[in-house]
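So you can see what is in the structure, the chains are spelled out below.
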Amino acid sequence: MANDSFSMFPMNCSDAVHDLYGYLDGELTEERRGVIAQHLEWCGPCGSAAKFEVELRRVIADRCLTRVPPELMERIAASLQGESDHGT
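Reading the values: rules and limits
- Positions within a chain are numbered from 1, following the residues in the order the chain's sequence is written.
- Where local features are concerned, this predicted model is filtered to residues with pLDDT of at least 70; where side-chain atom pairs are given and counted, the filter is 80 or more; whole-chain, interface and lining totals use all residues.
- Excluded from the side-chain calculation are hydrogens and water; included are all heavy atoms of the structure.
- Take the buried residues of types Ala, Val, Leu, Ile, Met, Phe, Trp, Tyr and Cys, join any two whose side-chain atoms come within 4.5 Å, and each joined set is a nonpolar core.
- A simple rule labels every residue: compare its accessible area, found with a 1.4 Å probe on the protein chains alone, to the largest value its type can have, and call it buried under 20%, exposed over 50%, or partly exposed in between.
- Working definition: helices are DSSP H or I runs of at least four residues, strands are E runs of at least two. Numbering for both runs from the N terminus.
- Here, residues are in contact when the closest pair of their heavy atoms is within 4.5 Å.
- Here, axes are lines fitted to C-alpha atoms. For helices the fit covers the stretch in contact, and angles between N-to-C directions go from 0 to 180 degrees.
- Every angle not falling under 35 degrees, over 145, or within 65 to 115 is termed oblique; those three ranges are roughly parallel, roughly antiparallel and roughly perpendicular.
- Under the grouping applied here, Gly and all other residues not named as nonpolar or charged are polar, the nonpolar ones being Ala, Val, Leu, Ile, Met, Phe, Trp, Tyr, Cys and Pro and the charged ones Asp, Glu, Lys and Arg.
- Helices are assigned an expected span. That span is 1.5 Å times one less than the residue count.
- The pLDDT value expresses, per residue, how confident the predictor is, ranging between 0 and 100.
- Paired rings are identified among Phe, Tyr and Trp, the last through its six-membered ring, by centres lying within 6.5 Å, and are further divided according to the angle between planes into stacked (under 30 degrees), edge-to-face (over 60) and tilted (the rest).
- Only when the NZ atom of a Lys or the CZ atom of an Arg is both within 6 Å of the ring centre and within 35 degrees of the ring normal do we say a charge sits over the ring.
- By salt bridge we mean one thing: a side-chain nitrogen of Lys or Arg within 4 Å of a carboxyl oxygen of Asp or Glu.

1. A word on the nonpolar core
- In this structure, Met11, Cys13, Ala16, Leu20, Tyr23, Val35, Ile36, Ala37, Leu40, Cys43, Cys46 and Ala50 together form the largest nonpolar core, which totals twelve residues.
- Elements with a minimum of two residues in this core: α1 (13-18), α2 (20-24), α3 (30-42) and α4 (44-63).
- Considering every element that reaches this core, the biggest residue donor is α3, with four residues.
- Apart from the residues lying within four places of it in its own chain, the contact partners of Leu40 are Leu20, Tyr23, Cys46, Gly47 and Ala50.

2. Considerations on the packing of α3 against α4
- Where α3 meets α4, the axes come as close as 5 Å, and the angle between the chain directions of the two elements is 110 degrees. The orientation of α3 relative to α4 falls into the category roughly perpendicular. Facing α3, whose interface residues are His39, Leu40 and Trp42, α4 presents Gly44, Cys46, Gly47 and Ala50.
- Here the contact of α3 with α4 is built from residues that sort into four nonpolar, three polar and no charged.

3. Structural notes on the side chain of Asp19
- Position of Asp19 relative to the elements: it lies in the loop between α1 and α2.
- With a relative accessible area of 13%, Asp19 lands in the buried category.
- Excluding residues within four positions of it along the chain, Asp19 makes contact with Met11, Leu28, Arg32 and Ile36.

4. Comments concerning α3
- Its 13 residues place the ends of α3 18 Å apart at the C-alpha level, agreeing with the 18 Å of an ideal helix rising 1.5 Å per residue.
- Regarding α3, the residues found buried are Val35, Ile36, Ala37, His39 and Leu40.
- Residues of α3 that are buried in the fold lie against α1, α2 and α4.

5. Brief notes about the confidence of the model for the protein
- Mean pLDDT over the protein: 83, with 84% of residues reaching 70 or higher.
- Below pLDDT 50 for its whole length, residues 1-7 participates in 15 contacts with residues either more than four positions away or in separate chains.

6. A short note on the packing of aromatic side chains
- Enumeration according to the criterion identifies zero aromatic pairs in this entry.
- Seen from the ring of Tyr23, Arg33 lies directly overhead, with NZ or CZ sitting 4.5 Å from the centre.

7. Considering the pattern of salt bridges
- Counting across every chain of the model gives four salt bridges.
- For Arg57, the salt bridge is made with Glu53, and the minimal N-O distance between the two is 2.9 Å. Here Arg57 pairs with Glu53, and both are found in helix α4, just four residues apart, close to one helical turn.
- Overall, the relative accessible area of 28% leaves Arg57 in the partly exposed class.
- Given a relative accessible area of 6%, Glu53 falls into the buried group.

In structure tokens, the structure reads:
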């Protein structure tokens, strides 16, 4: 990810990725959402990860009009965890 120690922004990439799902699900305070939104605008890799997740959710919603099969959810979770473990 981008430089985690960039001092103008109060959030680093690890924190942004950790809170990404809460951000996208609207589960965070407005203040926390603002900090994450600022980071996502500044940090290309984190912003791209957020855009990917939004698009993935849209595709799943469009294609899986019924409940998402548990196997698919497990594969997606494993894939996303693998990406975050590798810093993407």
